[in-house]
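Observations on chain architecture
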Amino acid sequence: MTKGMWRPLGVLPAVVLLFVVLPATRFMSTRASTTAGDAARGDYLVNQVAMCAQCHSSRSAAPRIAGLPDGWPEEDFVRFLKTGDPGDRPRPLAPMPPFRMNDADARAVAAYLKTLR
Ligand code: HEC
């Protein structure tokens with residue numbers, strides 16, 4: 001048994017880092033971004049697509065939604081954007097449009113609104 005035989009094991013930590021640790025963190029971060037919502041996409045949806053801010057601005061009568069509307073936990077808010085179901089609150093009436101967003105978009109909108117105050 002010579003020392004030389006074991007020398008290749010010196011690269012083992014690097015191999016573990018490359019093939020085990022890094023892929024695992026990549027996996028964790030994509031999972032986190034799908035559950036937490038992509039705030040940049042939310043910015044686009046709120047300001048360019050769904051036009052929430054057209055009505056929900058400080059100058060209008062629609063309730064404030066910046067930082068999420070008062071009394072709406074994020075899960076309720078996301079469900080409302082996906083299904084129109086406001087939970088045990090009164091259903092928001094027209095002109096509030098009935099949205100049917102997919103999960104990623106609803107979470108993106110929530111993530112973006114949480115960045116606003
Ligand atoms: C055409 C105008 C308009 C647009 C666009 C709009 N809303 Fe609204 N929204 C309203 C109005 C008006 C109300 C209040 C309705 C009522 O009093 O029943 C409301 C109510 C709400 C409520 C309930 C708030 C509460 O405190 O009861 C939420 C949540 C909400 N809107 C989120 C959004 C989001 C998110 C968007 C964009 C994805 C959006 N709205 C786009 C007009 C709009």
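Residues numbered from 1 in each chain as written. Predicted model: local features only at pLDDT ≥ 70, side-chain atom pairs only at ≥ 80, totals over all residues.

**Some details on the overall build of the chain**
The condition that has to hold: Secondary structure elements are defined from DSSP: runs of H or I of at least 4 residues count as helices, runs of E of at least 2 residues count as strands, and each element is numbered from the N terminus. Whether a residue is buried, exposed or partly exposed follows from its count of other C-beta atoms within 10 Å of its own C-beta, namely 20 or more, 12 or fewer, or something in between, respectively; the C-beta atoms are built from the backbone. What counts as a contact here is a pair of residues whose C-beta atoms, placed from the backbone, lie within 7 Å.
Check the secondary structure of the chain and you find six helices and zero strands. Mapped from its N terminus to its C terminus, the chain presents α and β elements in the order α-α-α-α-α-α. Counting the 117 residues in the chain, one finds 17% classified as buried. Long-range pairs, those at least 24 residues apart, make up 68% of the contacts in the chain with a sequence separation of at least 6.

**Here's the deal with the nonpolar core**
Test applied: Nonpolar cores are built from buried Ala, Val, Leu, Ile, Met, Phe, Trp, Tyr and Cys residues. These are joined into a set through C-beta atoms within 7 Å.
Counting 16 residues, the largest nonpolar core has Val46, Leu81, Ala108, Val109, Ala110, Tyr112 and Leu113 as its most contacted members. Within the residue set of this core, elements represented by two or more residues are helix H3 (39–49), helix H5 (74–83) and helix H6 (103–114). Sorting elements by how many residues they give to this core places H6 first, with seven residues. With residues up to four places along the chain from it excluded, the contact list for Ala108 reads Gly37, Asp38, Ala39, Arg41, Gly42 and Leu45.

**Re the site of the ligand**
Selection criterion: Throughout this description, a residue near a molecule or strand is one whose C-beta atom, derived from the backbone, lies within 6 Å of it. Gly counts as polar in this scheme, as do all residues outside two lists: the nonpolar Ala, Val, Leu, Ile, Met, Phe, Trp, Tyr, Cys and Pro, and the charged Asp, Glu, Lys and Arg.
Taken together, 22 residues are adjacent to the ligand, and Ala50, Cys52, Cys55, Leu93 and Met96 come closest. Class assignment for the residues of the shell around the ligand results in 20 nonpolar, two polar and no charged.

**A word on the environment of Trp72**
Position of Trp72 among the secondary structure elements: in the loop between helix H4 (52–55) and H5. C-beta crowding within 10 Å serves as the criterion here: with 19 such atoms nearby, Trp72 is assigned to the partly exposed category. Between the C-alpha atoms of Trp72 and Arg89, which are 17 residues apart in sequence, the distance is 9.3 Å.

**Quick word on the confidence of the model for the chain**
To be explicit about the condition: The pLDDT score gives, residue by residue, the confidence of the prediction method on a 0 to 100 scale.
Per-residue confidence for the chain gives a mean pLDDT of 81; residues scoring 70 or more make up 70%. Here residues 25–34 scores under 50 on pLDDT; set against residues more than four positions off or in separate chains, the count is two contacts.

**Thoughts on H6**
Our working rule: To estimate the expected span of a helix, count its residues, drop one, and scale the result by 1.5 Å.
Taking 1.5 Å of rise per residue, the twelve residues of H6 would be expected to cover 16 Å, and the 17 Å separating its terminal C-alpha atoms lies within 8% of that figure. Within H6, nine of the twelve residues are buried, which leaves it mostly tucked inside the rest of the structure. Considered for burial, the residues of H6 that qualify are Asp105, Ala106, Arg107, Ala108, Val109, Ala110, Ala111, Tyr112 and Leu113.

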